[in-house]
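The residues making up each chain are set out below.
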Amino acid sequence: MTLKVVFVNHSTEPGGAELALVRLLEAGFNRWSATVVTPRGSAGAFARLAEVPAIKHLCLGPPLRPGASSVGLRGQVRNLHDICRQLTALTLSEDVRRSDVLYANSARAAVYTTIGGRLLGRPVVVHLRDSVDRAALGTVGYFAVSKVVLPLASGVIANSQFTLSSALAAHSRIKVSTVISSPVQEASDRPTAPLRREVRVVGMLARLAPWKGQHLVIEAFARAFPTENCQLLLAGAPLFGEADYLGELRLLAEQLGIAERVQFLGHVDDAVSFIDGLDIAVQYSTRPEPLGQNVLQYLARGRPTIAADEGGPAESIKSGASGVLVQARDVAALAEALRRLALDHDARLLLGAAAASSPVTMTNDVVAQTADFLRHVKASHRSRRWPR
């Protein structure tokens with residue numbers, strides 16, 4: 001019997017969680033009967049699912065305001081109002097009522113999805129893509145996840161052991177849990193690009209946000225390559241109310257005298273081509289990265305990679321073998337690592353070869369693991385509707 005799964009996401013912006021879900025659904029359309037629920041408005045990151053057979057996309061309820069609009073008491077009240085409207089739309093949907101499992105793809109979506117699942121007597125699987133702490137979720141978000149989402153969830157998927165540990169620290173009695181990495185595009189017919197002898201391009205693939213650390217990467221790049229003919233490419237757009245950050249980054253590059261060597265590419269559809277053009281790939285978030293999908297993509301394409309030594313990337317990279325881990329939030333350490341790799345072509349070759357052969361979870365593996373977990377949660381669930 002085909003499992004009827006409703007995948008719920010709070011946004012259609014092309015963020016990491018959204019793109020990971022799209023890759024999962026594109027590859028797993030024959031593993032379940034899928035309905036995707038997002039707020040009303042542009043299909044955004046989910047537009048390409050229109051070409052995938054057997055996937056239904058429902059636009060229900062109002063768009064949730066970005067994080068920057070939820071600051072202060074008035075913002076929190078507006079946010080709660082929007083969540084209540086999302087909850088109402090979700091529970092009134094016939095597709096949702098006929099589902100076997102609800103799948104919340106983000107912490108914000110999980111708030112109204114877990115409550116809706118309890119009202120309808122449907123099991124809810126919550127996919128945690130952020131660490132469960134106040135730094136990542138904010139005070140209100142942390143309270144909602146630790147006191148509402150995790151107690152009500154029938155099952156939890158964490159994108160790394162780091163993320164799962166943070167969830168267990170917040171709520172130790174999670175019913176069923178597993179760690180499943182986000183899907184990385186399968187190795188294409190294109191072979192991994194050879195590494196140039198000279199480092200000409202350093203780059204980072206991530207949405208532009210202060211906590212993603214692009215400002216630290218710009219500072220480190222300026223120290224490591226003060227005069228060389230080397231470019232820094234930053235791929236990713238500012239999302240979720242963080243448009244001002246792009247202006248801050250441009251100003252920083254100007255102040256450091258490297259504006260002509262720093263390019264802001266915005267969102268890139270072909271991540272593989274972007275990554276293949278890098279001589280050194282970087283991830284350097286200001287707080288522990290729950291997974292680091294960009295790191296997995298760098299490794300899959302055999303790029304010499306430098307990342308902060310905490311969170312999910314520290315689980316994916318064996319420092320000195322498949323990549324280089326440097327102390328987090330230390331611009332001098334990042335600059336030194338960049339300079340050292342730039343001067344050592346042989347080291348870059350060894351890192352690239354080891355990265356390409358590292359055990360990166362590919363999409364088909366993630367689809368199979370997710371399907372098995374959803375069926376397990378469905379089989380172990382006992383209907384527990386709230387009294388009406």
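Details of the structure are given in the entry above.
The structure presented is a predicted model; accordingly, all values stated were derived computationally and were not measured. (Residues numbered from 1 in each chain as written. Predicted model: local features only at pLDDT ≥ 70, side-chain atom pairs only at ≥ 80, totals over all residues. Heavy atoms only, no water.)

Draft legend 1. Molecular detail of the overall build of the protein. Of the regular secondary structure elements, the protein holds 14 helices and 13 strands. Over its C-alpha trace the protein gives a radius of gyration of 21 Å, about what one expects of a compact globule, namely 21 Å for 388 residues. With the C-alpha coordinates of the protein rotated into their principal frame, the extents come out at 70 × 45 × 40 Å. Out of the 388 residues in the protein, the part that is buried amounts to 55%. Contacts in the protein between residues far apart in sequence, at least 24 positions, make up 71% of those at least 6 positions apart. For the protein, the exposed area adds up to about 16,500 Å²; of that, 53% sits on carbon and sulfur atoms. (Helix = DSSP H or I, 4+ residues; strand = E, 2+ residues; numbered from the N terminus. Rg over C-alpha atoms; globule rule 2.2 N^0.38 Å. Buried < 20%, exposed > 50% of the residue type's maximum accessible area, 1.4 Å probe, protein only. Contact = heavy atoms within 4.5 Å. Areas by Shrake-Rupley, 256 points an atom, 1.4 Å probe, with all protein chains shown as cover.)

Draft legend 2. Fine view of the packing of helix α4 (residues 107-120) against helix α5 (residues 134-152). At a minimum axis distance of 9 Å, the contact between α4 and α5 shows a crossing angle of 30°. With respect to their mutual orientation, α4 and α5 come out roughly parallel. Classified by chirality, the crossing of α5 by α4 is left-handed. Contact residues: α4 offers Ala107, Ala110, Val111, Thr114, Ile115 and Arg118, while α5 offers Leu137, Ala144, Val145, Val148, Val149 and Leu152. Looking at the contact of α4 with α5 residue by residue, the class counts come to 10 nonpolar, 1 polar and 1 charged. (Axes fitted to C-alpha atoms, helices over the stretch in contact; angles between N-to-C directions. Parallel < 35°, antiparallel > 145°, perpendicular 65-115°, else oblique. Left-handed = near helix turned anticlockwise from the far one by under 90°. Nonpolar A, V, L, I, M, F, W, Y, C, P; charged D, E, K, R; others polar.)

Draft legend 3. View of the sheet that holds strand β10 (residues 262-266). Strand order in the open sheet formed by 6 strands is β10-β9-β8-β11-β12-β13, and the pairing between neighbours is parallel. Each edge of the open sheet is held by one strand with a lone partner, namely β10 and β13 (324-326). Averaged over all adjacent pairs, the angle separating strand axes in this sheet is 20°, with direction ignored. The pairing of strand β8 (residues 201-205) with strand β11 (residues 280-283) spans 2 bridges and is parallel. Residue pairing across strands places glycine 203 opposite alanine 281, the latter belonging to β11. Strands in contact with helix α7 (residues 214-224) are β8, β9 (231-235), β10 and β11; relative to β9, the strand with the most contacts, it is inclined by about 170°. The sheet strands contacting helix α12 (residues 331-342) are β8, β11, β12 (305-308) and β13, and the helix crosses β13 at an angle near 155°. (Pairing = 2+ DSSP bridges.)

Draft legend 4. Spatial organisation of the environment of arginine 122. Within the secondary structure, arginine 122 is located in the loop between α4 and β5 (124-128). Each C-alpha atom, one on arginine 122 and one on lysine 378, is 8.7 Å from the other, the two residues being 256 residues apart in sequence. In this structure the side chain of arginine 122 is engaged in a polar contact, spanning 2.8 Å, whose partner is the backbone oxygen of serine 99. There is a polar contact of 3.3 Å between the side chain of arginine 122 and the backbone oxygen of leucine 120. (Polar contact = N/O pair within 3.5 Å; in protein donor to acceptor, adjacent residues only side chain to side chain.)

Draft legend 5. Structural detail: the packing of aromatic side chains. Taken as a whole, this structure holds 3 aromatic pairs when the rule is applied. Ring plane angle 55° and centroid distance 5.5 Å describe the contact between phenylalanine 7 and tryptophan 32, whose orientation is recorded as tilted. With a gap of 25 residues between them, phenylalanine 7 in strand β1 (residues 4-8) and tryptophan 32 in the loop between α1 (16-28) and β2 (33-38) connect regions that are remote in the sequence. Judged by centre distance (4.8 Å) and plane angle (55°), the ring pair of phenylalanine 7 and tyrosine 103 falls under tilted. Pair noted here: phenylalanine 7 is in strand β1 and tyrosine 103 is in strand β4 (residues 101-104), with a separation of 96 residues, a long-range link. The burial state of phenylalanine 7 is the same as that of tyrosine 103; both residues are buried. (Phe/Tyr/Trp six-rings, centres within 6.5 Å; stacked < 30°, edge-to-face > 60°.)

Draft legend 6. Molecular detail of the nonpolar core. Val202, Phe225, Ile306, Leu334 and Leu338 are the most contacted members of the largest nonpolar core, which has 50 residues in total. Those residues in contact with phenylalanine 225 that sit more than four places away from it in its chain are Val199, Val202, Cys230, Arg261, Leu338, Arg339 and Ala342. Counting 32 residues, the second-largest nonpolar core is a separate cluster that includes Val37, Leu102, Ala104 and Ala167. (Core = buried A, V, L, I, M, F, W, Y, C linked by side-chain atoms within 4.5 Å.)

Draft legend 7. Main features of the sheet that holds β4. Taking strand neighbours across the sheet as the criterion, the 7 strands line up as β3-β2-β1-β4-β5-β6-β7 in an open arrangement whose pairing is parallel. Whereas interior strands pair on both sides, the edge strands pair on one side only; in this sheet they are β3 (55-59) and β7 (177-179). On average, adjacent strands in this sheet sit at an angle of 20° to one another, irrespective of strand direction. Where β1 lies against β2, 5 bridges are found, and the strand directions are parallel. Residue pairing for β2: phenylalanine 7 is matched across the bridge by valine 36. Those strands touched by α1 are β1, β2, β3 and β4, and its axis lies near 160° from that of β1.

Draft legend 8. Representation of the environment of aspartate 244 in the model. Mapped onto the elements, aspartate 244 comes out in helix α8 (residues 244-255). Exposure remark for aspartate 244: the relative accessible area of 64% places this residue in the exposed category. Separated by 34 residues in the primary sequence, aspartate 244 and proline 210 have C-alpha atoms spaced 9.9 Å apart.

Draft legend 9. Representation of the pattern of salt bridges. All told, the structure shown has 11 salt bridges when counted by the stated rule. With its nearest N and O atoms 2.9 Å apart, the salt bridge here joins arginine 207 to glutamate 242. In this pair, arginine 207 is assigned in the loop between β8 and α7 and glutamate 242 in the loop between β9 and α8, connecting sequence segments 35 residues apart. Relative accessible area serves as the criterion here: at 22%, arginine 207 is assigned to the partly exposed category. With a shortest N-O distance of 2.6 Å, arginine 329 and glutamate 310 are connected by a salt bridge. Note that arginine 329 is positioned in the loop between β13 and α12 and glutamate 310 in the loop between β12 and α11 (313-316), a separation of 19 residues in sequence. A network of salt bridges, in which partner residues are shared, links Lys56, Glu94, Asp95 and Arg98. (Salt bridge = Lys/Arg side-chain N within 4 Å of Asp/Glu carboxyl O.)

Interpretation note: all reported values are geometric properties and have no functional meaning in isolation.
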